[in-house]
Amino acid sequence: MSIVHELKIAPSLLAADFGRFADAARAAEAGGAEFLHFDVMDGSFVPNISFGMGAVKALRNVSGAFFDIHLMIVQPERYVEEFVRAGADNVTVQAEACVHLQRTLAQIRKAGAKAGVALNPATPETVLEYVMDDLDLILVMTVNPGFGGQKFLPATLPKIERVRKMIAGASHPIHLEVDGGIDHETTTAAVAAGANVLVAGTSIFGHPEGVAKGIQVLRSAAPASGEQSAM
Ligand code: DX5
Ligand code: ZN
């Protein structure tokens, strides 16, 4: 059963002005973005520290967007319930950070959120083989996690195609998200390979003509759904 989700834009707050998160969230929603992407970094899983549950909670009253929480932390199972209480709609854990991935995905769903798994560029999609029924979103990292403003890794494109094929065989709808170096050029290739959720920081919050223009440029760079190779 091949159920393909529509294209979604997920602005990454990591590229926004940290002193004006509420304005950034409002601008993203006004610009038509369906998701809001929160990059949670602990200085251990990745060599950077960002923000946590407090930022999610503060923006929950400001934005009606789908809150997409990307946990780049070790032992993420310790904080699942707190992020859901703060307002998370989806909680994504890194496959490399989970000793008991199936248990953690079940924990996320039990807490009331959608469950996602992120794969670093070097991690094969085969780690997902036995947990496809337990997840609602697969995040193929198109850069090594930890920083915004990095260059897209083209070697991840065949993996996106293979993940799209795995999703085509799944019993329920699953989002295919890409994250890192997403701009008007890489969007075309990533969506053609099968992605439907585009995370972007620099190309949205750093767009010279503003957030709404940044979102619109990505949306128009996406090929029409019939032009996707793996679907
Ligand atoms: C990196 C994060 C990304 C990052 C994307 O570890 O997961 O979400 O903020 O930023 P850009 O779009 O600037 O590459
Ligand atoms: Zn991210």
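Our structure's up above, just so we're on the same page.
Presented here is a report on the structure given in the accompanying data block.

Turning to the environment of A192, a few remarks are in order. Among the structural elements, A192 can be located in helix α6 (residues 184-193). Judged by relative accessible area, which is 23%, A192 ranks as partly exposed.

With respect to topology, 8 strands assemble into an open sheet ordered β1-β8-β7-β6-β5-β4-β3-β2, the strand pairing being parallel. Every other strand in the sheet has two partners, leaving β1 (8-11) and β2 (35-41) as the edge strands with one partner each. Taken pair by pair, the neighbouring strands of this sheet meet at an average axis angle of 20°, ignoring direction. In the sheet, strand β5 (residues 114-119) pairs with strand β6 (residues 137-141) via 4 bridges, with the strands oriented parallel. Paired with G116 across the two strands is L137, which belongs to β6. Docked against the sheet, helix α4 (residues 101-110) engages β4 (90-94) and β5, running at close to 145° with respect to β5.

We now examine the nonpolar core. Core analysis: the biggest nonpolar cluster contains 69 residues, and L13, L36, F38, I69 and L105 have the highest contact counts within it. Once you skip the residues sitting within four places of it in the chain, L105 turns out to touch V93, A115, G116, V117, V131, D134 and L135. Listed in part, the 9 residues of the second largest apolar core include L139, V143, V197 and V199.

Near ligand 1 there are 20 residues, and of these D39, G146, D179, G201 and T202 occur at the shortest range. With respect to ligand 1, the backbone of G149 contributes an N or O atom lying 2.9 Å from an oxygen atom. Separating an oxygen atom of ligand 1 from a backbone N or O atom of G181 is a distance of 2.9 Å. Notes on ligand 1: free accessible area 380 Å², of which the protein chains cover 99%. Going through the elements one at a time, β2, β3 (66-72) and β8 (197-200) are the ones with two or more residues in the shell around ligand 1. Among the elements that make up the shell around ligand 1, the one with the highest residue count is β2 (3 residues). Split into classes, the residues belonging to the shell around ligand 1 amount to 8 nonpolar, 10 polar and 2 charged.

Protein coordination of the zinc ion (ligand 2) is provided by H37 (NE2), D39 (OD), H70 (ND1) and D179 (OD), with donor distances spanning 2.0 to 2.3 Å. Coordination geometry of the zinc ion (ligand 2): the 6 donor atoms subtend angles of 70 to 169° at the metal centre, consistent with an arrangement described as octahedral. Considered as a linear motif, the donors of the zinc ion (ligand 2) on their single chain read H-x1-D-x30-H-x108-D. One end of the pair, H70, is in strand β3; the other, D179, is in strand β7 (residues 175-179), and 109 residues separate them in sequence. Considered together, H70 and D179 belong to a single accessibility category, that of buried residues.

Reading the values: rules and limits
Residues numbered from 1 in each chain as written. Chains lettered and ligands numbered in written order. Predicted model: local features only at pLDDT ≥ 70, side-chain atom pairs only at ≥ 80, totals over all residues. Heavy atoms only, no water. Helix = DSSP H or I, 4+ residues; strand = E, 2+ residues; numbered from the N terminus. Buried < 20%, exposed > 50% of the residue type's maximum accessible area, 1.4 Å probe, protein only. Pairing = 2+ DSSP bridges. Axes fitted to C-alpha atoms, helices over the stretch in contact; angles between N-to-C directions. Contact = heavy atoms within 4.5 Å. Core = buried A, V, L, I, M, F, W, Y, C linked by side-chain atoms within 4.5 Å. Near = heavy atom within 4 Å. Polar contact = N/O pair within 3.5 Å; in protein donor to acceptor, adjacent residues only side chain to side chain. Areas by Shrake-Rupley, 256 points an atom, 1.4 Å probe, with all protein chains shown as cover. Nonpolar A, V, L, I, M, F, W, Y, C, P; charged D, E, K, R; others polar. Donors = N, O, S within 2.8 Å, 3.2 Å for Na, K, Ca; no water. Tetrahedral: all angles 85-135°; square planar, octahedral: opposite > 155°, others 65-115°.

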